[in-house]
Amino acid sequence: MKLTSLTLQYFAYGSNLLFERLRERVPSTKIVGMGFINRFVLQFYKRSIDGSGKCTIVPTSNEQDRVYGMITVMDEADKPRLDRVEGLGHGYYQHRIEVKTPHGTESAFTYVAEHVDETLHPYTWYRDLVVAGAVQNNFPEGYVARLERIEADVDPNQGRELKNRQILNKQSSGKAHD
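Cut-offs applied
Residues numbered from 1 in each chain as written. Predicted model: local features only at pLDDT ≥ 70, side-chain atom pairs only at ≥ 80, totals over all residues. Heavy atoms only, no water. Buried < 20%, exposed > 50% of the residue type's maximum accessible area, 1.4 Å probe, protein only. Helix = DSSP H or I, 4+ residues; strand = E, 2+ residues; numbered from the N terminus. Arc of directions from axis to C-beta. Contact = heavy atoms within 4.5 Å. Polar contact = N/O pair within 3.5 Å; in protein donor to acceptor, adjacent residues only side chain to side chain. Pairing = 2+ DSSP bridges. Axes fitted to C-alpha atoms, helices over the stretch in contact; angles between N-to-C directions. Parallel < 35°, antiparallel > 145°, perpendicular 65-115°, else oblique. Nonpolar A, V, L, I, M, F, W, Y, C, P; charged D, E, K, R; others polar. Salt bridge = Lys/Arg side-chain N within 4 Å of Asp/Glu carboxyl O.

Peer 1: Describe in detail helix 4 (residues 141-148), supporting the description with residues and values.
Peer 2: Owing to its 3.6 residues per turn, the α-helix brings residues three or four apart onto one side. Here helix 4 has its buried residues at Y143, V144 and L147. Angular distribution of buried residues about the axis of helix 4 spans 100 degrees; they occupy a single face of the element. In helix 4, the exposed positions angled more than 90 degrees off the buried face are occupied by E141 and G142. Close packing links the buried residues of helix 4 with strand 3 (40-47), strand 5 (66-75) and helix 3 (124-136).

Here is the structure:
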């Protein structure tokens, strides 16, 4: 009898939008498509261990507020690795969300900051990863422009900056994703 692995749907909205980054973290990842959630805004208010702001989704009462993201599927066996790199239980909690897609509504899990700090800024490389993922996924121009305008700080750790810029360089050199 052949056993099949279970798959999970994940809604990526931050730096994991860049498929190359997510694939490094979760090798079984496959793209389902783009979608959005209403009554949420994307903010860089989750404190990272490096002191910078990382993405989270913040609920609002405004039906017009929208966060775009990418729905992917992954083998359930890969989820503990993603939980670890995302900091599940150490800054993020898992949240089930209903995502609107061109084909209807999909249920997926995502990560949401346990605490927010409105004074935080992302590092430039992190903001640029999020922007590159939004462009790669063909998000609306106005949404991408808003991301590009996010105030960001230069990372004082040049090694970390270079490592993360390499991911951006791979993506911009024309590597396609599935």
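Structure's up, so let's keep going.
Peer 1: Give me the side chain of D50: which residues, what numbers.
Peer 2: Positionally, D50 belongs in the loop between strand 3 and strand 4 (53-59). A distance of 2.6 Å separates polar atoms of two side chains, one belonging to D50 and the other to S52.

Peer 1: Lay out the pairing of strand 7 (residues 104-113) in plain terms, naming residues and giving numbers.
Peer 2: Pairing geometry for strand 6 (residues 92-101) and strand 7, over 10 bridges, is antiparallel. Looking at strand 7, one finds that K100 is bridged to T105. Between strand 6 and strand 7, which pair antiparallel one after the other, the connecting turn spans 2 residues.

Peer 1: Lay out unusual backbone geometry with the relevant residues and their values.
Peer 2: Backbone geometry places R39, a non-glycine residue, at a positive phi of 65 degrees. The topology assignment puts R39 in the loop between strand 2 (30-38) and strand 3. Take R39: its relative accessible area is 40%, and that puts it in the partly exposed class. In this model, N138 sits at a positive phi of 60 degrees, which is unusual for a non-glycine residue. Along the chain, N138 turns up in the loop between helix 3 and helix 4.

Peer 1: Account for the packing of helix 3 against helix 4, naming residues and giving values.
Peer 2: Packing of helix 3 against helix 4 brings their axes to within 9 Å, and their N-to-C directions diverge by 170 degrees. Relative to helix 4, the element helix 3 lies roughly antiparallel. Residues R127, V130, V131, A134 and V135 of helix 3 lie in contact with helix 4, whose contacting residues are V144, L147 and E148. Classifying every residue of the contact of helix 3 with helix 4 by side-chain character gives 6 nonpolar, no polar and 2 charged.

Peer 1: An account of the pattern of salt bridges is requested, with residue identities and associated values reported.
Peer 2: Opposite charge on two side chains permits pairing when their charged atoms draw close. The tally for this structure, following the rule as stated, stands at 10 salt bridges. Of the charged contacts, one joins R160 and D50 as a salt bridge, the two residues approaching to 3.9 Å between their closest N and O atoms. Of this pair, R160 sits in helix 5 (residues 158-172) while D50 sits in the loop between strand 3 and strand 4, placing them 110 residues apart in sequence. What emerges from the salt-bridge pattern is a single network uniting D50, K54, D155 and R160.

Peer 1: Give me the side chain of Q43: which residues, what numbers.
Peer 2: Relative to the helices and strands, Q43 resides in strand 3. Each residue touching Q43, except ones within four places of it in the same chain, is listed here: K54, C55, T56, V58 and R146.

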